[in-house]
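Spelled out, the chains give:
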Amino acid sequence: CPRNSTCHKIQKTIFTPQAKALTLLQQSNNKITQLIMTQIRITKQFSFETGHALYGYDGKCKNVHGHSYRLDVTVIGSPITDSSNVKYGMVIDFSDLKKIAKEEIVDVFDHATVFNKNTPHVELARELKSRGHNVLLVDYQPTSEMMVIDFAEKIKSRLPENIKLHSLKLQETATSFAEWYASDN
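So, a few notes on the structure that sits alongside this text. Note that this is a predicted model, so its numbers are computed, not measured. (Residues numbered from 1 in each chain as written. Predicted model: local features only at pLDDT ≥ 70, side-chain atom pairs only at ≥ 80, totals over all residues. Heavy atoms only, no water.)

Turning next to the overall build of the protein chain. Regarding its fold elements, the protein chain presents four helices and six strands. For the protein chain, the α and β elements follow one another from N to C terminus as α-β-β-α-β-α-β-α-β-β. Looking at the 185 residues of the protein chain, the share that counts as buried comes to 34%. The contacts in the protein chain between residues at least 6 apart in sequence include a share of 61% that link residues at least 24 apart. (Helix = DSSP H or I, 4+ residues; strand = E, 2+ residues; numbered from the N terminus. Buried < 20%, exposed > 50% of the residue type's maximum accessible area, 1.4 Å probe, protein only. Contact = heavy atoms within 4.5 Å.)

In structure tokens:
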């Protein structure tokens, strides 16, 4: 039909409401798809005090000493789109992420001394334990790098299926930290 003809006006009248409805439906579906596909990163920060010693190290850290660690835990996922869900709009409830990190890391490592159980430090660890000290024996040299790998495995095992661990940052001092990224592993 030519643009200003009666035929064109009839088509416009008949198809416009349907076309508008279809357009609105497509826009709505696009927004829902966008919400479902949108990936949001959520970060929770923690702090804890931990002592350690690096057996065989050639510097001061061979001695038992401690740090005020800061741990940033970042997860990634899509916000919950079910409006009947009490967690609607959240990727994960911060309190749920806090529970995981506290149970797996903070409550375990806070005010503990960490030693590699495959070194002679195990004798010192036994002596400290016998005197009531909180001692952790691990399968690795307790550097920030190795601790952050351990922490990543512990946290990943506790996350819901739809949430992925994105990254960890373990800060040992004001100017020194180790980072773990899922994309690198």
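Here the narrative resumes.
Turning our eyes to something else, we now look at the environment of Asp107. With respect to the helices, strands and loops of the structure, Asp107 is situated in helix α2 (residues 94–109). For the pair Asp107 and Phe48, spaced 59 residues apart in sequence, the C-alpha separation works out to 8.4 Å.

A full pass over the atoms with the stated rule returns three aromatic pairs. For the pair Phe48 and Tyr69, a centre-to-centre distance of 5.4 Å together with 20° between the ring planes defines the contact as stacked. With Phe48 in strand β1 (residues 40–52) and Tyr69 in strand β2 (residues 65–77), the pair connects residues that are 21 residues apart, well separated along the chain. In this pair, the class of Phe48 matches that of Tyr69, namely buried. Between the aromatic rings of Phe48 and Phe151, the centroid separation amounts to 6.2 Å while the plane-to-plane angle is 70°, which identifies the pairing as edge-to-face. Taken together, the residues Phe48 in strand β1 and Phe151 in helix α4 (residues 144–156) connect sequence positions 103 residues apart. Phe151 matches Phe48 in its accessibility class, with the two residues each being buried. Ring-pair connections join several aromatic residues into one group, and the members of that group are Phe48, Tyr69, Phe109 and Phe151. (Phe/Tyr/Trp six-rings, centres within 6.5 Å; stacked < 30°, edge-to-face > 60°.)

With that out of the way, let us pick up the sheet that holds strand β6 (residues 176–181). Spatially, six strands are ordered β4-β3-β1-β2-β5-β6 in an open sheet, and the strand pairing comes out mixed. Among the strands making up the open sheet, the edge pair consists of β4 (135–138) and β6. Along the sheet, successive strands turn relative to each other by an average axial angle of 30°, direction set aside. Bridging between strand β3 (residues 112–116) and β4 involves four bridges; their strand directions are parallel. Among the inter-strand pairings, Val114 is bridged to a residue of β4, identified as Leu136. Contacts from α2 reach β1, β2, β3 and β4 within the one sheet, and its direction differs from that of β1 by about 20°. (Pairing = 2+ DSSP bridges. Axes fitted to C-alpha atoms, helices over the stretch in contact; angles between N-to-C directions.)

Let us now look at α4. With 13 residues, α4 ought to run about 18 Å at 1.5 Å a step, and its terminal C-alpha atoms sit 18 Å apart, in line with that. Taken together, the buried positions of α4 are Ser144, Met147, Val148, Asp150, Phe151, Ala152 and Ile155. Here the buried face of α4 lies against β1, β2, α2, β5 (164–173) and β6. (Expected span 1.5 Å × (residues − 1).)

Right, let's talk about the environment of Thr74 for a bit. Note on placement: Thr74 falls in strand β2. Owing to a relative accessible area of 9%, Thr74 belongs among the buried residues under this scheme. Not counting residues up to four positions away in its chain, the partners in contact with Thr74 are Arg41, Ile42, Thr43, Leu165, His166 and Ser167.

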